Amino acid sequence: MDILEDLYYGQYHVSLPTSEKFRELQKQELAFWDHIKEAVGLAYLEEHFDHLAEREGMIELHCFQEGIRLGVSLMLELL
């Protein structure tokens, strides 16, 4: 498949960074959320994550749309 087909069929994925610094930050964040889960309870935390996922999805879609617009604008500049 080419990149346009991957985009169209939803097969284009960006992987997370693999650096040691990123892994350490990830580990610290998981420890933080474990502490929060103990303080507020699992049900409240799951509801929070549902809202967070919806918000992040909206942000990522917006960034994707802006990236496509920028790419197309740059290509049109060359014409």
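Predicted model only: the values in this text are computed from it and were never measured.

**Some remarks on the environment of Glu-38**
Among the structural elements, Glu-38 can be located in helix 2 (residues 20-40). What makes Glu-38 exposed here is its relative accessible area of 69%. Separated by 16 residues in the primary sequence, Glu-38 and Phe-22 have C-alpha atoms spaced 25 Å apart.

**What about the packing of aromatic side chains?**
Evaluation of the coordinates by the stated rule reveals three aromatic pairs. The interplanar angle of 85° and the centroid separation of 4.9 Å between the aromatic rings of Tyr-8 and Tyr-9 together place this pair among those described as edge-to-face.

**A look at the confidence of the model for the protein**
The predicted model of the protein averages 93 in pLDDT, with 99% of residues at 70 or higher. The secondary-structure element of the protein with the lowest mean pLDDT is helix 1 (residues 3-8), recorded at 84, while helix 2 shows the highest, at 96.

**As for a negative patch on the surface**
A contiguous patch of negative charge, built from Glu-46, Glu-47, Asp-50 and Glu-54, is present on the exposed surface. Among the residues examined, Glu-46 registers a relative accessible area of 45% and is labelled partly exposed.

**Examining the pattern of salt bridges**
This structure, assessed with the given rule, holds three salt bridges. With its nearest N and O atoms 2.8 Å apart, the salt bridge here joins Glu-56 to Arg-55. The partly exposed category is assigned to Glu-56, whose relative accessible area is 32%. The shortest N-O distance in the salt bridge between Arg-69 and Glu-66 comes to 3.0 Å. Highlighted residues: Arg-69 and Glu-66, both in helix 3 (residues 42-78), separated by three residues, approximately one helical turn.

Basis of the calculations
Residues numbered from 1 in each chain as written. Predicted model: local features only at pLDDT ≥ 70, side-chain atom pairs only at ≥ 80, totals over all residues. Heavy atoms only, no water. Helix = DSSP H or I, 4+ residues; strand = E, 2+ residues; numbered from the N terminus. Buried < 20%, exposed > 50% of the residue type's maximum accessible area, 1.4 Å probe, protein only. Phe/Tyr/Trp six-rings, centres within 6.5 Å; stacked < 30°, edge-to-face > 60°. pLDDT = per-residue confidence, 0-100. Patch = residues over 30% accessible without salt bridge, like charges linked within 9 Å, V, L, I, M, F, W, Y side chains within 5 Å. Areas by Shrake-Rupley, 256 points an atom, 1.4 Å probe, with all protein chains shown as cover. Salt bridge = Lys/Arg side-chain N within 4 Å of Asp/Glu carboxyl O. Lys, Arg positive; Asp, Glu negative; His and termini not counted. Charge placed at Lys NZ, Arg CZ, Asp CG, Glu CD.

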